[in-house]
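Remarks on the overall topology
The primary structure of each chain is shown beneath.
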Amino acid sequence: MARDGRPIIRILIQNFLNSFRPRQIKGDLKGEDYFGNKFYEIKADPSKGKRKTSRWFEPPGKPELDHGHEITAEWESWLRGRRQDPPTQEELLKNLAIMQMKKKNATALEEKYEKPQDHASIKHDVATGRATFPRYDEEYEIMPGSKPIKQKD
């Protein structure tokens, strides 16, 4: 029997049974991304024996059914500890706008340079027998300060 009047065996059995119960971990909500993921954090507290900060996210919907979740790069870097502070909503929206602009520019470039391949029109180098690399009107300079070489038809 313990000194304070509680039986030790009862305490041990109670602790053993409590170890099988799922833990309810409650963290501080740090933010949400435009995919609907919610991000949480529990700060490190050495007085309670917690040496590292815990960070995780909860995806929208039923997480046990789908494991292919999209996470923004800013939140992923925060989860992995590469950045201290969580990203702001303004930062997320700014980077989303840049991403959409890049997609729009990429499709415009594809449409501009997309031409059907006519194998008869591909020029071959006489010495090697290989196809020559195509050149475009807006070609970069080969040597700084010189004008690009125009391809002869």
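Everything here concerns the structure above.
The text that follows walks through the structure, step by step, so that each part is easy to find. (Residues numbered from 1 in each chain as written. Predicted model: local features only at pLDDT ≥ 70, side-chain atom pairs only at ≥ 80, totals over all residues. Heavy atoms only, no water.)

For the rest of this paragraph, the subject is the pattern of salt bridges. This model, assessed by the stated rule, comprises five salt bridges. Between Glu-41 and Arg-55 there is a salt bridge, and its shortest N-O distance comes to 3.0 Å. In this pair, Glu-41 is assigned in strand β2 (residues 38–42) and Arg-55 in strand β3 (residues 54–58), connecting sequence segments 14 residues apart. One salt bridge connects Glu-91 with Arg-83, and the closest N-O pair in it is separated by 3.1 Å. Glu-91 gets classed as partly exposed once you look at its relative accessible area, which sits at 25%. If you follow the salt bridges from partner to partner, you end up with Lys-30, Glu-41, Lys-43 and Arg-55 in one network. (Salt bridge = Lys/Arg side-chain N within 4 Å of Asp/Glu carboxyl O. Helix = DSSP H or I, 4+ residues; strand = E, 2+ residues; numbered from the N terminus. Buried < 20%, exposed > 50% of the residue type's maximum accessible area, 1.4 Å probe, protein only.)

Spatially, the three strands line up as an open sheet ordered β1-β2-β3, and their pairing is antiparallel. The open sheet is flanked by β1 (28–32) and β3, the only strands paired with a single partner. Taken pair by pair, the neighbouring strands of this sheet meet at an average axis angle of 25 degrees, ignoring direction. In this structure, β2 lies alongside β3, joined through five bridges in antiparallel fashion. Following the sheet pairing, Ile-42 is matched in β3 by Ser-54. (Pairing = 2+ DSSP bridges. Axes fitted to C-alpha atoms, helices over the stretch in contact; angles between N-to-C directions.)

The quantities given are spatial measurements derived from coordinates; they are silent on function.
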